[in-house]
Amino acid sequence: MRRGGFKTVIALLVMMGFSNAASAAATAVAGFSNAAAAAVPETFSDPGMEARARHLQRQLRCLICAGESIDESASSFAVDVRRLVREQIAEGRTDKQVQDFFVDRYGAAILMKPPVEPATWLLWLGPFGVLAIAGGVAWVTIKKAGKAEA
Amino acid sequence: MTGELGQLALCFALALSLVMTVAGLFGAKEDRAAARSVAVSSAFGLFVFVALAFLTLTYAFIVSDFSILDVASNSNTLKPLVYKISGVWGNHEGSMLLWVLVLSIYAALVAGLQRGGPRLTSAALGVQGLLAAAFLLFILFTSNPFLRLDPAPFEGAGLNPLLQDPGLAMHPPMLYAGYVGLSASFSYAAAALLVGEAGWARAARPFMLVAWMALTCGIALGSWWAYYELGWGGFWGWDPVENASLMPWLIATALLHSALATEKSGAFRTWSLLLAIAGFSLSLIGTFLVRSGLTSSVHAFATDPTRGFFIMVLIALAIGGALALFAWRAPTLQGGAAFEPASRETTLLLNNVFLVASCACVFVGTLYPMVLDAINGTKISVGPPYYVLTFGPIFFALLVLVPFGPQLNWRRGDLKAVWRSLYPALGLAAVAGVVVLAIASPRSLTAAGAFAVAGWLIGASILDIRKRRGARASAFAAALAHAGLGITLLGVTGTTVWRSEALTVVAPGQTMTVGPYTLRFDGVTRVKGPNYIADRGKFVIMEGGKAGATMLPEHRLYLAQGQDVTDTAIHTTGLRDLYLALGDDRDGGRFAVRAYVSPLAPLIWLGGLVMALGGALSLWGRLRLSEPENKPAAPAVAQAAE
């Protein structure tokens, strides 16, 4: 029982509605020392660079967590990526170059914001398509309802 | 013995649910009173036996009967009593039993209240019985909580420490009351399609309201729990699991509005039926897609494949059956009612347009990565930035339109007059936006816009309440619910835009600053809880050199699991939270600390509560004013109120 215990706990958490909790549990079990390392990140003294780093960190997903960004995760993966982000900013790379670096390494899944490309057109435009169709149906309905009254 | 008793109760419940299905449908179709009363009695019987099974399992958890596998895997003698009880639904088998218990409670309520007349009730019971039977079969064949374990272990494995929390003890029952509550609307809609639709929207309204309120509270509770328990100060992550609860909420909200038009003016008849079906379908899809682990790629844990297969078939049958019924019967329903473009009906229609589009956003965003991966192996992530760009503007547009709805009359409204009457709210909106732009730092146009919309919503609600002075309580339901939206918007904006944080290591005696606060760290003591040991940090808020309130965040080690959990400390002024999470021990008594200052954070959940209160007022008015089908024409104010 105990052997499968941890997986069960994660399963349970996800089932109960919070996979953030699951990742938190995962990091908790993996060792809170990671979180400690996360708690004292090196910070840029330059506020502009710091803001860029934080922005980039929020745009990158922690690939071993469920739904957390590099910015908020306490996992060792997040710690490493944060260090890499800051190294590259210090080297003077642009935001785009930094993001491309991680996409080359880990694929588009590391981006919190999915890229706009043919495969994701439906994702990006789908909701607005639904809005347009629903709006059209509403328009027709209102027209018809007005006529019914006349 | 207890295990066998529970098992037997479940078998009886299954038999009764089948009787209820046959008798209910037959009694409705052939108009036989005897069959209908059999369906009613079976509904009560179903509730009694499911409740018995549930109590049996609860008893087994309380006395720590480790000869039952479910108890041995999920409980522990050291746990406090309240978490032994909440442990009943803190696992797959038990939570399925809770699911069926809630389903049977709604069945008993449908049977007891007899809303919408005997035939509609009977058909609804038939459908509800079918759902109960399907889930009871699922429990008995794939997820039996009463399986025995031989030999019984001396001690159980215990409940995950993160779940040992009052908020999370309450969260699943609340959310289930909402998810499963939508089954009553679903059953009524199916019944309306089977035996004729007259009066179903009115009959099902209390169930819609209860389900919606429970969902609202359940989501708020879950978000609050994530905020204070997980230690990173976030309240919503657009996680697939959170999205799964948001989708039924959006559709239930649309249904509440659409069914109101159906009931009051006969508009949107087929559409309301479809929404009732969609609401519960999304509950089913949401809960079980998430539970199967399909949506979380990394933590994809292997569940029993028979379970997944069984549940997929069940969902396909429920949704497919309902939609087929809809496709077959809906064209026979008579067409829509007449109304002018400037009317309450139009605003409710627009409400539905935007809510359905918002729901489409969440739906597409949640499922797209999975589908794309299945089609060609492309892996993408859909995170918060996606929702900010899609859900954000759509929902924002909805919020801008909200204040018009309650002011316009049914069928024919005076848009100009309504617009003029809303001038004060517009003024409040402008003031809120300008003030935020002028004094808040960092300066944010988004925040100014959000505050303006919040001011617009709250201002319009105040105007609405003033206008209806003296009306019965339920007349204020919409005003409260809409004001709640504005309050939540304030909280979300404040927390997102102006949160400050500090991640640092402190030694005893040192001070740290975060936002406007200075904190003195007084060191850590070791404390012992019932089933954990903890490092308890003592932090004192310094106010002008003097010691103010004390905060005691903990870092706990739960013994049964050997798991670390942070127990955050939150100091709130009601309008601002100071949030502390204690990290781990660095040498020399130094500790890592995360501190956040979240302006307006409490308003997020206060808004949810106010929304739910609006629902409660409406429900109260409904139940008090029960059923006069041809009630005399209400005075204009009261009528506009609904």
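Reading guide: rules and limits
Residues numbered from 1 in each chain as written. Chains lettered and ligands numbered in written order. Predicted model: local features only at pLDDT ≥ 70, side-chain atom pairs only at ≥ 80, totals over all residues. Heavy atoms only, no water. Helix = DSSP H or I, 4+ residues; strand = E, 2+ residues; numbered from the N terminus. Contact = heavy atoms within 4.5 Å. Areas by Shrake-Rupley, 256 points an atom, 1.4 Å probe, with all protein chains shown as cover. Pairing = 2+ DSSP bridges. Axes fitted to C-alpha atoms, helices over the stretch in contact; angles between N-to-C directions. Expected span 1.5 Å × (residues − 1). Buried < 20%, exposed > 50% of the residue type's maximum accessible area, 1.4 Å probe, protein only. pLDDT = per-residue confidence, 0-100. Domains from an automatic or database assignment. Buried area = accessible area lost by both parts, 1.4 Å probe. Salt bridge = Lys/Arg side-chain N within 4 Å of Asp/Glu carboxyl O. Polar contact = N/O pair within 3.5 Å; in protein donor to acceptor, adjacent residues only side chain to side chain. Nonpolar A, V, L, I, M, F, W, Y, C, P; charged D, E, K, R; others polar. Core = buried A, V, L, I, M, F, W, Y, C linked by side-chain atoms within 4.5 Å. Parallel < 35°, antiparallel > 145°, perpendicular 65-115°, else oblique. Left-handed = near helix turned anticlockwise from the far one by under 90°. Phe/Tyr/Trp six-rings, centres within 6.5 Å; stacked < 30°, edge-to-face > 60°. Lys NZ or Arg CZ within 6 Å of the ring centre and 35° of its normal.

### Remarks on the overall build of chain A
Within chain A, the regular secondary structure consists of seven helices and zero strands. From first element to last, N terminus to C terminus, chain A shows the α and β order α-α-α-α-α-α-α. If you take every contact in chain A between residues at least 6 apart in sequence, the share linking residues at least 24 apart comes to 50%. Only carbon and sulfur atoms are counted for the fraction: they give 62% of the accessible area of chain A, which is about 7,200 Å².

### Quick look at the sheet that holds strand S9 (residues 576–586) of chain B
Residue and element names in this part refer to chain B. Spatial ordering of the open sheet is given by S1-S10-S9-S8, a layout of four strands whose pairing is antiparallel. Sheet topology places strand S1 (500–506) and strand S8 (569–572) at the edges, where each strand pairs with a single neighbour. Ignoring which end each strand starts from, the neighbouring axes of this sheet average 15° apart. Inspection of the sheet shows S8 paired to S9 by four bridges, in the antiparallel sense. The residue of S9 that forms the bridge with Thr572 is Asp577. Each of S8, S9 and strand S10 (590–599) is contacted by helix H8 (residues 200–229), which is oriented at about 45° to S9, the strand it contacts most. Where helix H19 (residues 601–624) meets the sheet, it contacts S8, S9 and S10, and its direction lies at approximately 120° from that of S9.

### Observations concerning helix H18 (residues 477–498) of chain B
In this model, H18 of chain B (22 residues) spans 32 Å end to end at C-alpha, consistent with the 32 Å of a helix rising 1.5 Å per residue. Most of H18 of chain B is tucked away, with 18 of its 22 residues classed as buried.

### A word on the confidence of the model for chain B
Residues and elements named next belong to chain B. For chain B, per-residue confidence averages 87 on the pLDDT scale, and 94% of positions sit at 70 or higher. A low-confidence stretch, residues 296–302 (pLDDT under 50), is modelled with 14 contacts involving residues beyond four sequence positions or located in other chains. The low-confidence segment residues 627–642 (pLDDT under 50) makes 23 contacts with residues lying over four places distant or belonging to another chain. Two summary scores accompany this predicted model of the complex, namely pTM at 0.88 and ipTM at 0.86.

### Digging into the side chain of Glu263 of chain B
Tracing the backbone shows Glu263 of chain B in helix H9 (residues 240–265). Other than its neighbours up to four places away in sequence, Glu263 of chain B contacts Ala201, Arg202, Arg205 and Arg622 of chain B.

### Structural notes on the domain arrangement of chain B
All names here are of chain B. By domain assignment, chain B separates into domain 1 (1–164), domain 2 (402–499) and domain 3 (500–601). Contacts between the two partners involve seven residues from domain 2 and, on the opposite side, eight residues from domain 3. Carbon and sulfur atoms supply 61% of the area buried between domain 2 and domain 3, which totals about 560 Å² over both sides. By the criterion of area lost to domain 3, the three top residues of domain 2 are Thr495, Trp498 and Arg499, representing 74% of everything that side buries. Residue Arg499 is joined to Glu501 by a salt bridge in which the shortest nitrogen-to-oxygen separation is 3.6 Å. Our enumeration of links across domain 2 and domain 3 arrives at two residue pairs in polar contact (both at pLDDT 80 or more). For the side of domain 2 that touches domain 3, the per-class residue count stands at three nonpolar, three polar and one charged.

### Observations regarding the nonpolar core
Residues and elements named next belong to chain B. Grouped together as the largest cluster of nonpolar side chains are 163 residues, with contacts concentrated most on Trp99, Phe135, Tyr188, Trp200, Leu250 and Phe391. Sort the elements by how many residues they give to this core and helix H7 (residues 166–195) lands first, with 14 residues. Apart from residues lying up to four places away in sequence, Trp99 is in contact with Phe135, Tyr176, Tyr179, Val180, Phe280, Leu284, Thr287 and Phe288. In terms of nonpolar packing, the next biggest core, distinct from the first, is built from 22 residues, Ala220, Trp225, Tyr228 and Trp232 among them.

### Brief notes about the packing of helix H5 (residues 76–90) of chain A against helix H6 (residues 95–106) of chain A
All names here are of chain A. Running from amino to carboxyl end, H5 crosses H6 at an angle of 140°, the nearest separation of the two axes being 10 Å. By the angle between their axes, H5 is oblique relative to H6. The crossing of H5 and H6 is right-handed. Residue-level inspection shows Phe77, Val81, Leu84, Val85 and Gln88 of H5 in contact with H6, the latter providing Val98, Phe101, Phe102, Arg105 and Tyr106.

### Looking at the pattern of salt bridges
All names here are of chain A. A full pass over the atoms with the stated rule returns 23 salt bridges over all chains. A salt bridge links Arg54 to Asp71, with the shortest nitrogen-to-oxygen separation between them at 2.9 Å. Pair noted here: Arg54 is in helix H4 (residues 47–59) and Asp71 is in the loop between H4 and H5, with a separation of 17 residues, a long-range link.

### Describing the packing of aromatic side chains
Centre-to-centre distance and the angle between the planes together describe a pair of aromatic rings. For the structure on display, the rule yields 31 aromatic pairs over all chains. Between Phe268 of chain B and Phe339 of chain B, the ring centres sit 5.9 Å apart and the planes meet at 80°, which makes this aromatic pair edge-to-face. Here the residue Phe268 of chain B occupies a position in the loop between H9 and helix H10 (269–291), and Phe339 of chain B occupies one in the loop between helix H11 (305–329) and helix H12 (344–376), the gap between them amounting to 71 residues. Like Phe339 of chain B, Phe268 of chain B is buried. Ring centres 6.4 Å apart and planes at 70° place the aromatic pair Trp419 of chain B and Trp456 of chain B in the edge-to-face group. In this pair, Trp419 of chain B sits in helix H15 (residues 415–421) while Trp456 of chain B sits in helix H17 (residues 445–467), placing the two residues 37 residues apart along the sequence. According to the relative accessible area criterion, Trp419 of chain B is partly exposed, its value standing at 36%. Here the aromatic residues Trp124 of chain A together with Trp236, Trp238, Tyr386, Tyr387, Phe391 and Phe395 of chain B are joined through ring pairs into a cluster of three or more. Sitting over the face of the ring of Trp328 of chain B, Arg329 of chain B holds its NZ or CZ atom 4.9 Å from the ring centroid. Taking the ring centre of Trp410 of chain B as reference, the NZ or CZ of Arg344 of chain B above it sits at 5.0 Å.

### A word on the environment of Val505 of chain B
Structurally, the position occupied by Val505 of chain B is in strand S1. Between the C-alpha atom of Val505 of chain B and that of Phe12 of chain B, which follows or precedes it by 493 residues, the distance is 60 Å.

### Looking at the confidence of the model for chain A
Averaged over all residues, the pLDDT of chain A equals 72, while 69% of them reach at least 70. Scored below 50 in pLDDT, residues 1–40 of chain A shows 105 contacts in the model against residues more than four places distant or in partner chains.

### Thoughts on unusual backbone geometry
Residue and element names in this part refer to chain B. The omega torsion across Asp150 and Pro151 is 0°, close enough to zero to call that bond cis. Mapped onto the elements of the fold, Pro151 is located in the loop between helix H6 (117–142) and H7. Between Ser441 and Pro442 the backbone carries a cis peptide bond, its omega angle lying at 0°. Along the chain, Pro442 falls in the loop between helix H16 (423–439) and H17. Phi angles above zero are rare outside glycine, and Ser64 is one such case at about 55°. Relative to the elements of secondary structure, Ser64 occurs in the loop between helix H2 (33–62) and helix H3 (69–74). Owing to a relative accessible area of 12%, Ser64 belongs among the buried residues under this scheme.

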